[in-house]
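# Breakdown of the fold
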Amino acid sequence: MTRAGDLWRFPGTRAAAFAVLAYLYLPIIVLVVLSFNASDSSLARWEGFSTHWYAVAAADGNMVHSIEISLTVACIATSIGTVVATLAALATARTRFRGRIAVEAFLALPLVIPDIVAAIAILLFFVMVGIQLGLLSLILAHTVFTIPIAYLPIRARLEGLDPALAEAAADLYATPWQSLRRIILPLIWPGILSGAMLAFIGSLGDVVVSYFISGPGSTTLPVYVFSMVRMGVTPTVNAVSTLLIAASASLLTLSYLLGRRFN
Amino acid sequence: MSNVRQRAGLLTPAMAVIGVLLVLPLCLMAFVSTLERGPDGGVIWSRHTLDPYVQFLFERDLMDRLVLNTDYLQIFARSIGLATTTAVLTLVIAFPIALWMAFQPPQRRTFLLFVVTVPFWTNLLVRNYAWILLLRNGGVFDRLAQSTGLTHEPLNVLYSPLATGIGLVYSFLPFMILPIYVSLEKLDRRLIEAAFDLGANRWHALTRIILPLSMPGIVGGLILVFVPCLGAFVTPALLGGGKSLMIGSLIQQQFGQSRNWPFGAALAFVLLALIVFALVLHALRYRRLAGRLT
Amino acid sequence: MERLTKPILLAACLAVLPAGASPALAQSKELLLFNWSNYMPPDLLKRFEAETGIKVTLDTYDSNETMLAKLQAGGAGYDVVVPTGPTVQVMVRDGLLMKIDASTMSNFKNVRAPFDKPTFDPERAYTVPYMWGSTGIAYDTAKVPGVKLEESWKELFEPRQPFVGQIGMLKDENEVLGAAAYYLGYDYCFEKPEEGQKVLELLEKQKPAVKVYNSEGTVDRVGGGDVAMELMWNGSFHRAHKKLATVAFIYPREGLALWGDNLAIPKGAKNVENAKLFLNWMMEPKNAAEATNFLGYNNAIKGSEQYLDASLRDDPAVNTPEEDQARFRPMRDCPKTSIDLKDKIWTRLLR
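When you go through chain C residue by residue, the secondary structure sums to 15 helices and 11 strands. A compact globule built from 351 residues would reach a C-alpha radius of gyration of about 20 Å, and chain C, at 23 Å, matches this within 12%. Referenced to the eigenvectors of the C-alpha coordinate spread, the extents of chain C come out at roughly 85 × 50 × 35 Å. Within chain C, buried positions represent 60% of all 351 residues. For chain C, the computed accessible surface area is about 13900 Å², with 56% contributed by carbon and sulfur atoms. Positive and negative charge centroids in chain C, built from 42 and 47 side chains respectively, lie 2 Å apart.

Here is the structure:
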């Protein structure tokens, strides 16, 4: 029962899954390998092994700073966006009410507007109301775009949950807060986690909005990288990407091992 | 009554954030789209014109008459076509792995969630560069195909629509896998057991139980892939060879070299109108369908 | 309420006042630079910091157009930006740049003609020259053994058989349409619809022979042999040449774009004095040479030659021979009708 469930009834699923994982990681392997390339471009063929670009990345104060900015913005925006999206999903899922379509369209708006238009619109607006461009403005703008990304998986999770559960809880005199915390949240946890992770990579990858909404000293990593196009992107970017992957992978492994230990 | 108030309370933060930080600025942009362009970019705030919207469909010929111009329509049609293809392909590829993930033991499921998203902690540009290196003639795939004797010609995949497709599907995969996974993960396996016990075959189990259950996830995933894909411009430019414009780069161009902000804004609102129209149509049909079933 | 706010406002004003009254005093030891990434050698910036005690913070953009759009929309606070010639014209017209009278700076005497009086800023009232370059044709001589290509845009727009399907183009309407205009004998800022029609026809005929329109990765495309001919910046060519010895650079006789990047101070800059110091410092021959050595583009500073790497000094693509310099056509800002026409052609070409 625990091992692969009833998947034997759907032959090929496992093979297909591994094929997709290979698809996902093949370019990443190339990317990682090239971070050790002696050549001066991340588009070049192999020209010999070197850790030069890691040294360059470490010495490039501007790049290191941009990574800090990116991670800070992504973490905070994702946290706020996910909480807000969860609340919204609790309101819209499993019910029908007048104007629901309008509400959902409204929530999806950040996805629909092309980046550059939203970016310039928000910039004009911030300048108009006098919000200083910097870390705060970046976080505000990113939060907007994390909301629909987090919202959709969470809502998908809530949809089709048995409404009887919450009702049963209410019957047992659970306060709405108790029923939320003890019953609903654990049930939709995978949705929240998925939504947060998608929101995080969305925020971490954003270029256009970040470019326009940043002020002096708050350039994000993707903006920094895109600005390399004039002289060519160097393997420093591969090195930095590799380090980010390595960091997240070790965190992940650690939590996996710890989790297994305590279970 | 309290239900309504509760719902309003839950919705307020999201609506407020989007309303203040996006909708208000967009109202400003909608206003911009009705203004006359500045001579060097920007706009003239005091002069109005509807030219930007006229320009979407018409151009002035030598005699200054308005004639139909389908350039922008063609670009819109191509982008919509590309986004549709990408969304469908992503769905086909994402579904099996989402199903597989949902059937893993709980601990491993969370682990897999990370495994699927971690590649996207890397930078978009170098990720695309990696694909260029894989796909180009003399690259990994080309050499593999030649050495196995599959072909003796260069593969010529890079700078083709196929390469664009490979790159776009790749970029959007997690946005399809995760929503489907979360809706399948709550599947009570006893349901399937029971179905099989009652003599259902695989096809029935899939179409009667699993697919309907994953529907919210599929719809969510389709939105998360299709809509942003419409505006994608980096991957088509890098992998597709940039021989044809996409909506994303067309709009970008208006705020850049063309110095025509009002037209850029107008294009965005035409796009917005199209998408909202499609969403509403879908929602209405869905509701009617649901109404008929219940 | 009113009674409360007034004193607070007053106090706030008082607190701000000293800063506003004596900017020289309040100025911190920092410089906010807005530039492409890697478009100034990191070591050079570090040396500037060490010599002056001014800390440089770098923020980046990916094109003149995005930089311009951001400043036009009100993004501000940078001390130095790096606009190319035509963009300088726009920024001056829009009042985005501060008048600095660069010709009165102590190192301005080092600026070589004609860069001391460029068309986009004839009196150097707003800018100081940085790197300059040109956009010509690069091709792989190995594809046409024994044949010497004509020094003409014809080779690019009506390519010989070995180059068909092997051509890379910059994805930049000004560069592409400008080159086509030179070939057809039109002005860079052509405005006549019938000229536009001819340009479009030329480019549509060329399109099937083009493998890729993209401004990124040209060095590796040419250096790795993915394309055999490319519309290319000379500095990029220099770097591609290091990877593939058989590539050559053509200065087409019909004329080719000469572009110059500049250092300028946008209005609203916080650290104006530091910025001026930096601009002057960059006109030192040694410093300009260090930038050239790092970037592969030539600078406009007399006396920098002695510090240049030999490979750059000896590369005719970087150190342009006298006779080829006559072919340079300085890029400039075009009138709106021309921009609109080019835009229409570009959209139709890539629709």
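Now that the structure has been shown, the text picks up again.
Along its length, chain B carries 12 helices and 4 strands. Reported as C-alpha extents along the three principal axes, the dimensions of chain B are approximately 75 × 70 × 35 Å. Each of the 294 residues in chain B was classed as buried or not, and the buried ones make up 55%. The long-range fraction of contacts in chain B, counting pairs at least 24 apart against all pairs at least 6 apart in sequence, stands at 64%. Element-wise, carbon and sulfur atoms account for 68% of the exposed surface of chain B, whose accessible area totals about 12600 Å². Distance between charge centres in chain B, computed from 23 positive and 13 negative side chains, equals 10 Å.

Moving on, we come to unusual backbone geometry. Residue C:Ala113 is joined to C:Pro114 through a cis peptide bond whose omega torsion reads 0°. Position of C:Pro114 relative to the elements: it lies in the loop between helix H5 (85-93) and strand E4 (127-140). The phi angle at B:Tyr159 is positive, at roughly 65°, despite the residue not being glycine. Relative to the helices and strands, B:Tyr159 is located in the loop between helix H6 (140-147) and helix H7 (161-185). With a phi close to 65°, C:Asn38 is a non-glycine residue in the positive phi region. Relative to the helices and strands, C:Asn38 resides in the loop between strand E1 (30-35) and helix H3 (42-52).

Before going further, it helps to examine the side chain of A:Arg155. Residues and elements named next belong to chain A. Checked against the element boundaries, arginine 155 lands in helix H6 (residues 135-158). Judged by its relative accessible area of 14%, arginine 155 falls in the buried class. Setting aside residues up to four positions removed in sequence, arginine 155 forms contacts with Ala89, Thr92, Ala93, Arg100 and Glu104.

Taken together, the contacts link 31 residues of chain A with 37 residues of chain C. Each partner contributes to the roughly 2800 Å² buried at the junction of chain A and chain C, and carbon and sulfur atoms together form 53% of this total. Of all residues in chain A, the largest losses of buried area upon contact with chain C belong to A:Tyr211, A:Arg230 and A:Met231, amounting jointly to 31% of the total for that side. On inspection of chain A and its partner chain C, the count reaches 19 residue pairs in polar contact (both at pLDDT 80 or more). The dominant element in the side of chain A that touches chain C, judged by the number of residues it contributes, is helix H5 (residues 115-129) of chain A, at 4 residues.

Another point: the domain arrangement of chain C. All names here are of chain C. Taken as a whole, chain C is organised into domain 1 (19-132 + 260-321) and domain 2 (133-258 + 325-349). For domain 1 and domain 2, the distance between their C-alpha centres works out to 28 Å. The partner domain 2 presents 18 residues to the 18 residues of domain 1 that form the contact. Between domain 1 and domain 2 lies a buried interface of about 1500 Å² when both sides are counted; carbon and sulfur atoms form 54% of it. The largest share of the area that domain 1 buries against domain 2 comes from Trp132, Tyr297 and Ala317, three residues that together contribute 33% of it. Counting every contact that joins domain 1 to domain 2 gives 1 salt bridge. For aspartate 333, the salt bridge goes to arginine 93, with nearest N and O atoms at 2.5 Å. Scanning the region where domain 1 abuts domain 2 turns up 10 residue pairs in polar contact (both at pLDDT 80 or more). Split into classes, the residues belonging to the side of domain 1 that touches domain 2 amount to 10 nonpolar, 6 polar and 2 charged.

Another point: the packing of aromatic side chains. Going through the model one piece at a time under the given rule, you end up with 34 aromatic pairs over all chains. Note on B:Trp131 and B:Tyr170: the rings are 5.5 Å apart at their centroids and 80° apart in plane angle, and the pair reads as edge-to-face. Here B:Trp131, found in helix H5 (residues 124-135), pairs with B:Tyr170, found in helix H7; they are 39 residues apart in sequence, far enough to count as distant. Considered together, B:Trp131 and B:Tyr170 belong to a single accessibility category, that of buried residues. Here the aromatic cluster, defined as three or more aromatic residues joined through ring pairs, consists of A:Tyr211, A:Phe212, C:Phe34, C:Trp36, C:Tyr39, C:Tyr61, C:Tyr78 and C:Tyr130. Above the plane of the ring of C:Trp233 lies A:Arg230, whose end atom (NZ or CZ) is 5.2 Å from the centre. One cation-aromatic arrangement involves C:Lys342 over C:Tyr188; the distance from NZ or CZ to the ring centre is 4.0 Å.

The rules behind the values
- Residues numbered from 1 in each chain as written.
- Chains lettered and ligands numbered in written order.
- Predicted model: local features only at pLDDT ≥ 70, side-chain atom pairs only at ≥ 80, totals over all residues.
- Heavy atoms only, no water.
- Helix = DSSP H or I, 4+ residues; strand = E, 2+ residues; numbered from the N terminus.
- Rg over C-alpha atoms; globule rule 2.2 N^0.38 Å.
- Buried < 20%, exposed > 50% of the residue type's maximum accessible area, 1.4 Å probe, protein only.
- Areas by Shrake-Rupley, 256 points an atom, 1.4 Å probe, with all protein chains shown as cover.
- Lys, Arg positive; Asp, Glu negative; His and termini not counted.
- Charge placed at Lys NZ, Arg CZ, Asp CG, Glu CD.
- Contact = heavy atoms within 4.5 Å.
- Buried area = accessible area lost by both parts, 1.4 Å probe.
- Polar contact = N/O pair within 3.5 Å; in protein donor to acceptor, adjacent residues only side chain to side chain.
- Domains from an automatic or database assignment.
- Salt bridge = Lys/Arg side-chain N within 4 Å of Asp/Glu carboxyl O.
- Nonpolar A, V, L, I, M, F, W, Y, C, P; charged D, E, K, R; others polar.
- Phe/Tyr/Trp six-rings, centres within 6.5 Å; stacked < 30°, edge-to-face > 60°.
- Lys NZ or Arg CZ within 6 Å of the ring centre and 35° of its normal.

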